Structure formats: structure tokens, C-alpha cells
Amino acid sequence: ATGKPDITPLPTGSYRLINPIFQSVQEYPIAQQTLSMVRASNEGQVFGDDSVACQDKNGIPINVDSSTLWRVDPEHAADLYLLKPGVLLVNDPNNDISSVVVRREVRNAITNACSKFAYDEVYGARRVEFGATISDLLRLELESTYILMDKFLLGEIYLSSDQQDAINRKAIAQQAAIEASFLAERAKNEAAAAVAKAEGDKKVAILQAEAQAESIRIIQEQLSASPKYIECLYALN
């Protein structure tokens, strides 16, 4: 009457959706699914390079491996059917929900996240932040298609040889700068120590001279007060 199928989810080992008009049954496995999109041809669902190609915030191309753990939202199994009626969840490459929904959203999330980072950041210091950004974007998009994302795993980041060389040169330069800073600090400390030693030696010499002068003064004072002082002077002359 409404022009829409009357769908009733059944509590079984899978989500079974029945359309009473045609008495058709659509089954969705309740198990967690894994979509691996990687460069290695023997590891993912697709033969050949299935990593996601994207551009960083400066337009430099990179490739990203990933694995996404996902499953049907049990509260919206019927909505998923209406979104993609008659489409299998998995096991129908390029036509199932894993391919036309999940794979599409993974590519979009990675591409959007790439535009927020530089290639050397996702390869190094900000890799964790990059993965978290993809995960946040992907979770929201999958929920809008009635898919729950349990976890997103960021895999290998692939750079061109020129990009890798640039990172290596930067690392070498940073190491050299650290070493130069260390040597400069050591030289500064050694110079400070030498100055301190010179100052100390100078003070010691001054004190010794003052002590010697005081000693002479005392001797002369004592001799001048003695009746024998003049006799001593005559004897010395």
C-alpha cells in the first residue's frame, strides 16, 4: 500500500529480513568483518595493489595500507537493506556492501585525512594522529550507512624514492645539528672550566703574594723593635 517493502528483522544467528510481498529473505552475517586494503597482492581481498592513493596537504602523492574492522548495526539492519536492497554483505567482489559502501568510505576518509598532513608527518612524528583522524572520519561516515566500525588499523605508508631520500637527508641533518649543538655545549663548558681554573690560579697567586708580603712586614716590624736590629743591618752590610 505504501510502495515500500514491509521488512521485519528476525532474531537468528544472522539478520534475516523478510519482504512479505515477494516472500524474499535477505541475510546479513552478524560476525565482525575485516576489509584489508593493502599493496601486497597476497594479503588483501583484491589481487594487486589495493592501497589507497592520496595527496598530502602540499599535493605530494602517497599510498596508505589499512584494515577496517566493521559489522552491521543491529538496530538498523532493515535500513541497510533499504539503502542497498538485495546486495550481499560480503563475498561478491565489487558488488557487495563491503565493496560499494565500506571500501568507498575508507578511501574517502583516507583521502580527506591526507589533505591535513604533510607526507613526512604521516610517515613519522604525527602517524598516530593521522590514523586517529582517519578513524574519526570513517566512523561517522559508516554510521550514516548503518555500519558500525569496531576499529581502524593504519598500515604501511608508501613514499616515492625521492620522498624517502628527502626524509633521510632531513634525519641526517637533524642528527648533525644535534651533534654540533652537543660539541658546542661541551666546548663552552670546557672554556668555562678553563676560565674558572685561571681565575682560581690567579686568586691563589694573589693570596700567596699577600701572605708573603705580610710575612715580610711582620718580620721587619719585629726586627725594628729589637735593639739588635741595627746590629743586624750592620752585620748584613
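A few points about the side chain of Ser98
1) Next: In this structure, Ser98 sits in helix H2 (residues 97-114).
2) Next: Judged by its relative accessible area of 9%, Ser98 falls in the buried class.

Some thoughts on unusual backbone geometry
1) Next: A positive phi angle is found at Asn94, which is not glycine, with a value near 75°.
2) Next: Here Asn94 shows up in the loop between helix H1 (77-83) and H2.
3) Next: On the accessibility criterion, Asn94 (61% relative accessible area) is exposed.
4) Next: With phi around 70°, Tyr146 is a residue other than glycine that occupies positive phi space.
5) Next: By the secondary structure assignment, Tyr146 is in the loop between helix H4 (127-143) and strand S7 (147-158).

Points about the pattern of salt bridges
Close approach of charged atoms allows side chains of opposite charge to pair.
1) Next: A full pass over the atoms with the stated rule returns 7 salt bridges.
2) Next: With a closest N to O distance of 3.2 Å, Arg126 and Glu121 form a salt bridge.
3) Next: You can call Arg126 partly exposed: its relative accessible area is 26%.
4) Next: A cluster of three or more residues bridged by salt bridges with shared partners is formed by Asp50, Arg103 and Arg107.

Quick look at the state of the cysteines
1) Next: By the definition in use, this model includes 1 disulfide.
2) Next: Paired through a disulfide, Cys54 and Cys114 show a sulfur-sulfur distance of 2.0 Å. Highlighted residues: Cys54 in strand S5 (residues 52-55) and Cys114 in helix H2, separated in sequence by 60 residues.
3) Next: On the basis of relative accessible area, Cys54 is assigned to the buried category, the value being 5%.
4) Next: What makes Cys114 buried here is its relative accessible area of 1%.

Definitions and cut-offs
Per chain, residues are indexed from 1 in the order of the written sequence. Per-residue local features of the predicted model are confined to residues with pLDDT of at least 70, and side-chain atom pairs are confined, for both listing and counting, to 80 or more; whole-chain, interface and lining totals are unaffected and use all residues. For side-chain calculations, the full set of non-hydrogen atoms in the structure is used, while hydrogens and water are omitted. Think of it this way: any DSSP run of H or I at least four residues long counts as a helix, any run of E at least two long counts as a strand, and we number them from the N terminus. Accessibility here uses a 1.4 Å probe with only protein chains present; expressed as a share of the type maximum, an area under 20% marks a residue as buried, one over 50% as exposed, and anything in between as partly exposed. Salt bridge, as used here: a side-chain nitrogen of Lys or Arg that lies within 4 Å of a carboxyl oxygen of Asp or Glu. Counting rule for disulfides: a pair of cysteine sulfur atoms within 2.5 Å.

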